[in-house]
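Residue-level structure breakdown
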Amino acid sequence: MGLDDKIKNAAEKVAGKAKEAYGDATDNERLQAEGQAEQSEGNLKDAGENVKDAFK
């Protein structure tokens, strides 16, 4: 996995965590769900990159 990919995935997870926390604080279920989805997407991208690295 390239450093750029790691940084992008980490940023996506942090942004998702922040969005989820803001949704929690404001009782906004849509923001909570979007934040969780962004975090999951970042985790999935990390997993995909790890699989690609394993087959190199």
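Quantities reported herein were computed from a predicted structural model and do not represent experimental measurements. Residue numbers here run from 1 along each chain, matching the order of that chain's written sequence. It should be noted that, the model being predicted, local features are given only for residues of pLDDT at least 70 and side-chain atom pairs only at 80 or more, the latter also being counted only at that level, while totals for whole chains, interfaces and linings use all residues. Heavy atoms from the whole structure form the basis of all side-chain values; hydrogens and water molecules are not counted.

Let us look at the pattern of salt bridges. Side chains that carry opposite charge are capable of pairing whenever their charged atoms lie near each other. Here, a salt bridge means any side-chain nitrogen of Lys or Arg that lies within 4 Å of a carboxyl oxygen of Asp or Glu. Applying the stated criterion across every chain, the model contains seven salt bridges. K13 is the partner of D46 in a salt bridge, and the nearest nitrogen-oxygen pair spans 2.5 Å. With D46 in helix α2 (residues 29-54) and K13 in helix α1 (residues 3-26), this pair connects stretches of sequence that are 33 residues apart. Burial status follows relative accessibility: with a 1.4 Å probe on protein chains alone, a residue under 20% of its type maximum counts as buried, one over 50% as exposed, and anything between as partly exposed. Residue classification places D46 among the buried residues on the basis of a relative accessible area of 15%. By relative accessible area, K13 is classed as partly exposed at 26%. Where E34 meets R30, a salt bridge forms, and the shortest distance between an N and an O atom there is 2.6 Å. One end of the pair is E34 and the other is R30, both in helix α2 and four residues apart, which spans about a single turn. Connected through salt bridges with shared partners, the residues K19, R30, E34 and E38 form a single ionic network. Secondary structure elements follow DSSP: runs of H or I of four or more residues count as helices, runs of E of two or more count as strands, with numbering from the N terminus.

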